[in-house]
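Geometric and topological summary
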Amino acid sequence: PAIIREAMQVLQQREEAEKQALAARALKEHRAELLHDASSPVGGNPKGDVTIVEFFDYNCGYCKKVAPTVSALLKQDPNIRIVYKEFAILGPQSLIAARAALAAKRQGKYHEFHTALMSAAQLDAGSIAALSKRLGLDQDKWLKDMEDPAITGMIQRNYRLANVLGINGTPAFIIGDQLIPGAVGLDALTEMVKTERAKRKSSR
């Protein structure tokens, strides 16, 4: 039994190493799409020296839990750029919320919409529509934009990208060549940003 257990552990370690190698390769191959897709909303400092990419779902409890941590990080470090990847995987309401936020972006209200959705206790078509009115969006334009095939295309590209990177849950963060699944604490995120910044400086 001990030999079998040891063999299983070695196999698991090998599989994990292979998985990490594949993810690292995929991150390198898809870096441009991750960091510079013009359709993806960008927050923080658009010219920041370190970029964080976040895959999230507005109905994800862990995403809601980590949202204040991300806000705190952006406040304490004004040199971080964040790219938001709508990854609506938790049902129809998630997809409506993602479409609504991306449609709000076209009226310059993405960040307000995103923050409100992340702090909302309940998400449904009614509460999302009420939010759009509260933020003063042009309702006809917003509703039309929600159905725009270009927004559908954006969300589908995020699905494909997540699949290639092996992301199957939310939230997931990418900093440099690191893929970090799950809700991460402020100290851990701060340390990862610091490591990435040091790496960038030493490679210049």
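Described below are features of the structure shown in this document. It should be emphasised that the depicted structure is a prediction, and the values quoted were computed from it without experimental measurement. (Residues numbered from 1 in each chain as written. Predicted model: local features only at pLDDT ≥ 70, side-chain atom pairs only at ≥ 80, totals over all residues. Heavy atoms only, no water.)

Counted residue by residue, strand E3 (residues 80-86) has 7 buried out of 7 residues, so it is predominantly covered. Along E3, one buried face is formed by Ile80, Ile82, Tyr84 and Glu86 and the opposite face, lined by Arg81, Val83 and Lys85, is buried too. Alignment of strand E1 (residues 42-44) against E3, held across 3 bridges, turns out to be antiparallel. If you follow Gly43 over to E3, its bridge partner there is Ile82. Relative to E3, strand E2 (residues 50-56) runs parallel, the two being bridged by 7 bridges. In the strand pairing of E3, Val53 is matched with Val83. One crossover worth recording links E2 to the parallel E3 by way of helix H3 (residues 61-76), and it is right-handed. (Buried < 20%, exposed > 50% of the residue type's maximum accessible area, 1.4 Å probe, protein only. Helix = DSSP H or I, 4+ residues; strand = E, 2+ residues; numbered from the N terminus. Pairing = 2+ DSSP bridges. Right-handed = clockwise from strand over helix to strand, strands pointing away.)

Scanning all chains against the criterion turns up 1 cavity of 30 Å³ or more. Size it by volume and the largest cavity reaches roughly 40 Å³. Looking at the largest cavity, the residues that line it are Asp37, Ser39, Ser40, Pro41, Tyr84, Glu86, Leu102, Met154 and Asn158. Mapped onto the lining of the largest cavity, the elements with two or more residues apiece are E3 and helix H8 (149-165). The class makeup of the residues in the lining of the largest cavity is 4 nonpolar, 3 polar and 2 charged. (1 Å grid on protein atoms, 1.4 Å probe; cavity = no way out; pocket = protein on both sides within 12 Å on 5 of 7 lines; lining within 4 Å. Points joined across faces, edges and corners; volume = space filled by probe spheres on them. Nonpolar A, V, L, I, M, F, W, Y, C, P; charged D, E, K, R; others polar.)

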